[in-house]
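Residue-level structural notes
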Amino acid sequence: MDKSLGAYDIADLCGLARRRLPKGVFEFFDRGNGDEQALIENRAALERIKLAPHALVDTSRRSQEITLFGQRHGMPIAVAPTGSAGLAWHEGEIALARAAAAAGIPFTLATGSMTSLERVAEQAGGTLWFQIYMWPDRSLSHRLVERAKAAGYQALVVTVDTPVPPGREYNLRNGMTVPFRFTRRNVSDVLVHPRWLTGVLMRYLLTTGMPRYENYPSGMQSRITAAPMGRSMMVSDSLTWDDLRVLRKLWPQALMVKGILHARDAVLAADCGADGVIVSNHGGRAVDSTRAPIEVLPEVVDAAGKRLAVLVDSGFRRGADVVKALALGAKAVLIGRATLYGVAVAGQEGAARAIEIYRDEIDRLLALIGCPGVAHLGRDYLAAPAGMDAGA
Ligand SMILES: Cc1cc2nc3c(=O)[nH]c(=O)nc-3n(C[C@H](O)[C@H](O)[C@H](O)COP(=O)(O)O)c2cc1C
């Protein structure tokens, strides 16, 4: 197989991942929440935005470099935190982190990873961010923050859009519950995907046992065959801005709040001393009826963009989507599913292929719209909707 892996865009990688993974695992990665209205709207909102090319601009030395929290990165994207990425590939988190490091972009490790944060830091290198879900017992979360600090993570991403585990009925239908129960349906699903059975599940079973949440405190390190504290996902529904202020005191480096969907909340995050916000609806996996993050983005940039870095995610599948976000003032875009598809197809190589697809698409598009580099992107590269002032 050539280096393209037979995938020429992210949709191709998605199709390959669909074939490789058991249906239950694929749907867990790919789908949204409820009736998947947010998932559909994320794409539709990106597609509604049109570009406005500039003619006759020398673009022969195009650059995708950005600076974020004082660090230079090779491209304007970062790998988003995706819990259970270790089900895509054996130690999938390490594969993802290595691909990100090789491309010079940040990798965000999720609290709910199947490889411990220390092991990822040892094995991967590059710029590592750590995503935290605050647990009901804050002292346990604060200890996790200390571990991330000691392991050398450079930014803390606090996710605030999931105070309770979302519904996602398809996981129940597919038998993808935590506690994981073998049912006739999911066993036959796994048996008809022998490459996943032998390459992923068996490798865990023969080495470390059933995949489990390795960052959880010992004693709660739930194997996915056991219930973590009676809940499928340890999250807290009592989080407030006071918790963010405490985290600000504990974490000296870059602090980002993920899951912002209103300019008011970005201002409050800045008031608490956050260095960044990630405008996100969790890739359509939390509230099923929200505006698309790309639509909220300019409001957040206008309200708080001078006080903190504004990043965005949810639904970005093309280089053009990334270019649109940067033109609207985002500093970078987080990519969730696309790199997950890649890692499911071919581990590190597959994740690298996903990143390369974005790089090629962004590069070509910069030339096509007459933009010498991502630092030059602004609202004047976007066509104003009918009746609106261009470049406003
Ligand atoms: C399988 C999966 C697991 C995820 N787990 C987490 C998580 O543990 N923490 C978090 O903050 N976001 C999580 N997310 C959301 C992503 O960080 C990101 O917001 C979203 O995937 C972006 O949308 P995209 O997949 O369309 O790129 C997850 C997303 C997926 C697809």
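Refer to the structure presented above.
Here's what I pulled together on the structure shown here. Numbers given to residues run from 1 along each chain, matching the order in which its sequence is written. Totals for whole chains, interfaces and linings use all residues, but because this is a predicted model, local features are given only for residues with pLDDT of at least 70 and pairs of side-chain atoms are given and counted only at 80 or more. Excluded from the side-chain calculation are hydrogens and water; included are all heavy atoms of the structure.

Some words on the nonpolar core
Tyr153, Ile294 and Leu297 are the most contacted members of the largest nonpolar core, which totals 126 residues. A per-element tally of this core places helix H14 (residues 337-368) first, with 15 residues. When checking whether two residues touch, look at their non-hydrogen atoms; a contact exists if any pair is within 4.5 Å. In contact with Ile294, other than residues within four places in its own chain, are Ala45, Leu46, Ile49, Val312, Phe316, Ala325 and Leu328. Definition used in this section: a nonpolar core is a set of buried Ala, Val, Leu, Ile, Met, Phe, Trp, Tyr and Cys residues joined via side-chain atoms within 4.5 Å. Summary of the burial criterion: residues with accessible area below 20% of their type's maximum are buried, those above 50% are exposed, and those between are partly exposed, where the area comes from a 1.4 Å probe applied to protein chains only. For helices the rule is a DSSP run of H or I covering at least 4 residues; for strands it is a run of E covering at least 2, with both sets numbered from the N terminus onward.

Considering the pairing of strand E10 (residues 332-335)
Side chains Ala332 and Leu334 project from E10 onto one buried face, and the interleaved Val333 and Ile335 project onto a second face that is buried too. By convention a crossover is right-handed if, when the strands point away from the viewer, the path from the first strand over the helix to the second runs clockwise. After leaving strand E9 (residues 309-312), the chain enters helix H13 (residues 319-327) and then returns to the sheet as E10, a path that is right-handed.

Some points on the packing of aromatic side chains
Stacked, tilted and edge-to-face are the three classes applied to pairs of Phe, Tyr and Trp rings, where Trp contributes its six-membered ring and a pair requires centres within 6.5 Å; stacked means planes under 30 degrees apart, edge-to-face means over 60, and tilted covers the rest. Counting across every chain of the model gives six aromatic pairs. Centre to centre, the rings of Phe26 and Tyr341 are 6.4 Å apart; their planes meet at 25°, and the pair counts as stacked. Of the two residues, Phe26 sits in helix H2 (residues 23-30) while Tyr341 sits in helix H14, which places them 315 residues apart along the sequence. Of the two residues, Phe26 and Tyr341, neither departs from the other in class, the shared state being buried. Ring-pair connections join several aromatic residues into one group, and the members of that group are Trp135, Tyr213 and Tyr216. Working rule: Lys NZ or Arg CZ, within 6 Å of ring centre, within 35 degrees of ring normal, means a charge sits over the ring. The ring of Phe28 carries the charged tip of Arg285 above its face, separated from the ring centre by 5.3 Å.

What to know about empty space enclosed by the protein
Here a cavity is any set of points on a 1 Å grid over the protein atoms alone where a 1.4 Å probe fits but cannot get out, and a pocket is any open set with protein on both sides within 12 Å along at least 5 of 7 lines; a residue lines the site when it has an atom within 4 Å of a point. Grid points are joined across faces, edges and corners, and a volume is the space filled by probe spheres set on the points. Counted under the stated rule, the structure contains one cavity of 30 Å³ or more. In this structure, the largest cavity occupies an estimated 40 Å³ of space. As for the largest cavity, its lining consists of Thr82, Ala85, Glu93, Leu96, Phe107, Thr108, Leu109, Ala110 and Ser113. Contributions of two or more residues to the lining of the largest cavity are made by helix H4 (92-103) and strand E4 (107-109). Here the lining of the largest cavity takes three residues from E4, the largest share from any one element. Across the lining of the largest cavity, the residue classes break down as five nonpolar, three polar and one charged. Here the nonpolar group is Ala, Val, Leu, Ile, Met, Phe, Trp, Tyr, Cys and Pro; Asp, Glu, Lys and Arg are the charged ones; every other residue, Gly included, is treated as polar.

As for unusual backbone geometry
The phi torsion at Glu36 lies on the positive side, around 60°, for a residue other than glycine. On the secondary structure map, Glu36 appears in the loop between H2 and helix H3 (37-48). Relative accessible area serves as the criterion here: at 15%, Glu36 is assigned to the buried category. Phi at Leu56 takes a positive value of approximately 50°, unusual for a residue other than glycine. The exposure class of Leu56 is exposed, given its relative accessible area of 90%.

Digging into the environment of Asp243
Here Asp243 shows up in helix H10 (residues 241-250). Relative accessible area serves as the criterion here: at 12%, Asp243 is assigned to the buried category. As for Asp243 and Ala367, which are separated by 124 residues in sequence, their C-alpha atoms are 45 Å apart.

So, the site of the ligand
One heavy atom within 4 Å of a molecule or strand is enough for the residue carrying it to be called near that molecule or strand. Close contacts around the ligand come from 23 residues, with Pro81, Gly83, Thr159, Asp313 and Gly315 the closest. Polar contact is the term for a pair of N or O atoms within 3.5 Å; when the atoms are in protein, one must be able to donate a hydrogen and the other to accept it, and sequence-neighboring residues count only if both atoms are side-chain atoms. One of the side-chain nitrogen or oxygen atoms of Asp313 is found 2.7 Å away from an oxygen atom of the ligand. At 2.9 Å, a backbone N or O of Arg337 approaches an oxygen atom of the ligand. Listed by contribution, the elements that provide at least two residues to the shell around the ligand are H2 and H14. Looking at the shell around the ligand residue by residue, the class counts come to eight nonpolar, 10 polar and five charged.

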